[in-house]
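# Geometric and topological summary
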Amino acid sequence: MDSSVRMAVTLEEAPWLGWMWVKALMRFAFMVVNNLVAIPSYICYVIILQPLRVLDSKRFWHIEGIMYKWLLGMVASWGWYAGYTVMEWGEDIKAIAKDEAVMLVNHQATGDVCTLMMCLQDKGLVVAQMMWLMDHIFKYTNFGIVSLIHGDFFIRQGKSHRDQQLLLLKKHLEHNYRNRNRKWIVLFPEGGFLRKRRETSQAFAKKNNLPFLTHVTLPRFGATQIILNALVARQENGSPAGGDAKQLESKSKGLQWIIDTTIAYPKAEPIDIQTWILGYRKPTVTHVHYRIFPIKDVPLETDDLANWLYQRFIEKEDLLSHFYETGAFPPLKGHKEAVSKEMTLSNMWIFLIQSFAFLSGYMWYNIIQYFYHCLF
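Residues numbered from 1 in each chain as written. Predicted model: local features only at pLDDT ≥ 70, side-chain atom pairs only at ≥ 80, totals over all residues. Heavy atoms only, no water.

### As for the confidence of the model for the protein
Quick reminder of the rule: Confidence of the prediction at every residue is given by pLDDT, a number between 0 and 100. It only takes one pair of heavy atoms within 4.5 Å for two residues to be counted as in contact.
In this model, the protein carries a mean pLDDT of 88, and residues with pLDDT of at least 70 account for 91%. Residue range residues 1–9 is modelled with pLDDT below 50. Its contacts to residues more than four positions away, or to other chains, number zero contacts. Note on residues 243–252: pLDDT under 50 across the span, and 21 contacts to partners over four residues away in sequence or across chains.

Next comes the structure, spelled out in structure tokens:
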């Protein structure tokens, strides 16, 4: 009886499984073609605009940032059309889109990056003026060359590389952050995926009498400290000059906000980049929670900063525990109800940027072919 039931279920699922594989292959083929036209076109535009970089660097990096945002929008669209959407909770980060900020994000899988690419698309020029700190392995992906040109930083993990990487990060910020008019930095302080770091983090917590965390790991604070020391403007008395949570119109120079960002997946099952590309998982809503802290409330001394970061991730643990139990994040402090907002992408905007990518690819192909025939 059991075997016949299983056979019936298998036969019923066969058409769906067949269609899933066909759809996955079609999506993969489109992704390959999309990369083959969009990324070389981006590189060609950057090369042809080099004279502008010399004459008007600010305008050059603005144009480059717009193209960078479009490329990330294409990646976001792959998930969007697979039914992978984002529900946003907490404070409204659009209000500080024009200020300098650091996003501290928990890290569960490669899909975290894709999720952020999607949910930040409607936040003005944030994506165009953003700098990512990501694992060095991403340098060798199809998007690595784009991130190198844009000025993202690839960090190598491990104790043996830590001091050198922090020194390189400091130099990178000095040479690329202000010169390229960057505003936001995305940082994953845990230093790796949850499944890879959880056991080590729990052992460290036990040894140092820190809370036992299961949904996040204890953060590393070296990169955060480097960023704060490099980018926080100081007043004459040496204290940070930052924004006030009640006065978002503050125009203080330097880094003004820390955005504590918590990503949660239904049933704690994260999406990876393969799923995002192939779309073989059923439509899923990823939930992203924001809390904004003015930089003046963030300590810069090593021990105090470490404790401050630990406290943020302990709070993330509570947020995620509540989400996994109830399916929703708790309301913000001082509010009776939690408010959520579904993030949407414009189908017309996606059509336009994809059309521009394919037309650009066709144009550059013909230009290169013309010069090739002229020369050879």
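Now, onward.
### Topic: the pairing of strand 6 (residues 255–264)
The criterion, for reference: The cut-offs for exposure are 20% and 50% of the maximum accessible area for each residue type, with area from a 1.4 Å probe on protein chains only; residues under the lower value are buried, those over the upper are exposed, and the others partly exposed. Helix numbering and strand numbering both begin at the N terminus, where a helix is a DSSP run of H or I of at least 4 residues and a strand a DSSP run of E of at least 2. Should DSSP find at least two bridges between two strands, the strands are regarded as paired.
Counting buried residues in strand 6 gives 10 out of 10 residues, a clear majority hidden from the surface. Alignment of strand 2 (residues 100–105) against strand 6, held across six bridges, turns out to be parallel. Of the residues in strand 6, the one forming a bridge with glutamate 100 is leucine 255. Bridge analysis of strand 6 against strand 7 (residues 284–294) gives eight bridges, and the strand direction is antiparallel. Bridging across to strand 7, threonine 262 finds its partner in histidine 289.

### A short note on the side chain of asparagine 34
Looking at the secondary structure, you find asparagine 34 in helix 1 (residues 2–48). The class of asparagine 34 is buried, set by a relative accessible area of 1%. Ignoring any residue separated from it by four or fewer positions in sequence, one finds asparagine 34 in contact with Ile39, Met74, Trp78, Gln354 and Phe358.

### Structural notes on the packing of aromatic side chains
For clarity, the cut-off: Centre distance within 6.5 Å is the pairing criterion for rings of Phe, Tyr and Trp, where only the six-membered ring of Trp is used; planes under 30 degrees apart are then read as stacked, over 60 as edge-to-face, and the remainder as tilted.
This structure, assessed with the given rule, holds 13 aromatic pairs. Ring geometry for tyrosine 45 versus phenylalanine 356: centroids 5.8 Å apart, planes at 15 degrees, classification stacked. One end of the pair, tyrosine 45, is in helix 1; the other, phenylalanine 356, is in helix 11 (residues 347–375), and 311 residues separate them in sequence. Classification of phenylalanine 356 by relative accessible area gives partly exposed; the value is 37%. Each ring, one from tryptophan 89 and one from phenylalanine 329, has its centre 5.9 Å from the other, and the planes form 75 degrees; the classification is edge-to-face. In this pair, tryptophan 89 sits in strand 1 (residues 84–90) while phenylalanine 329 sits in the loop between helix 10 (302–326) and strand 8 (340–343), placing the two residues 240 residues apart along the sequence.

### Brief notes about the layout of surface pockets
For the record, the criterion: Both site types are read off a 1 Å grid over the protein atoms alone. A 1.4 Å probe that fits but cannot get out defines a cavity, while an open set with protein on both sides within 12 Å along at least five of seven lines defines a pocket; lining residues have an atom within 4 Å of a point. Grid points are joined across faces, edges and corners, and a volume is the space filled by probe spheres set on the points. Residues are grouped as follows: Ala, Val, Leu, Ile, Met, Phe, Trp, Tyr, Cys and Pro are nonpolar; Asp, Glu, Lys and Arg are charged; every other residue, Gly included, is polar.
Considering only enclosed or pocket space, the largest pocket measures out at about 880 Å³ in volume. Together, 35 residues line the largest pocket, and Gln157, Pro189, Gly191, Arg197 and Arg220 are the ones closest to its centre. At the level of secondary structure, the elements contributing two or more residues to the lining of the largest pocket comprise strand 3 (130–135), helix 6 (159–176), helix 7 (194–207) and helix 8 (222–231). Residue contributions to the lining of the largest pocket peak at five residues, all from helix 7. Here the residues of the lining of the largest pocket sort into 17 nonpolar, 11 polar and seven charged.

### With respect to the environment of glycine 90
Along the polypeptide, glycine 90 turns up in strand 1. C-alpha of glycine 90 to C-alpha of threonine 261: the two residues are 171 residues apart in sequence and 9.4 Å apart in space. Beyond its immediate stretch of four places on either side in the chain, glycine 90 contacts His289, Tyr290, Leu332 and Val339.

### Thoughts on the sheet that holds strand 2
We count it as follows: Whenever a helix is involved, its axis is fitted only over the stretch in contact; in every case the axis is a line through C-alpha atoms, and angles between N-to-C directions fall within 0 to 180 degrees.
With mixed pairing, the eight strands of this open sheet are ordered in space as 4-3-5-2-6-7-1-8. Every interior strand has two partners, whereas the edge strands, strand 4 (153–155) and strand 8, have only one. If you compare each strand with its neighbour and ignore which way they point, the axes differ by 25 degrees on average. The strands that helix 4 (residues 111–119) touches are strand 1, strand 2, strand 3, strand 5 (184–187), strand 6, strand 7 and strand 8; relative to strand 1, the one it contacts most, it runs at about 75 degrees.

### Remarks on unusual backbone geometry
Here asparagine 181, not a glycine, exhibits a phi torsion of approximately 55 degrees, which is positive. Secondary-structure assignment places asparagine 181 in the loop between helix 6 and strand 5. Located in the positive-phi region is alanine 268, a residue other than glycine, with phi close to 60 degrees. With respect to the secondary-structure elements, alanine 268 resides in the loop between strand 6 and helix 9 (273–278). For alanine 268, a relative accessible area of 38% corresponds to the partly exposed category.

### Topic: the pattern of salt bridges
Quick note on the threshold: By definition here, a salt bridge exists when the distance from a side-chain nitrogen of Lys or Arg to a carboxyl oxygen of Asp or Glu is within 4 Å.
This model, assessed by the stated rule, comprises 12 salt bridges. The partner of arginine 59 in a salt bridge is aspartate 56, and the shortest N-O contact between them spans 3.3 Å. Classification of aspartate 56 as partly exposed rests on a relative accessible area of 27%. Between glutamate 88 and lysine 123 there is a salt bridge, and its shortest N-O distance comes to 2.8 Å. Note that glutamate 88 is positioned in strand 1 and lysine 123 in the loop between helix 4 and strand 3, a separation of 35 residues in sequence. A single network of salt bridges, built from pairs that share partners, joins Glu88, Lys94, Asp122, Lys123 and Lys341.

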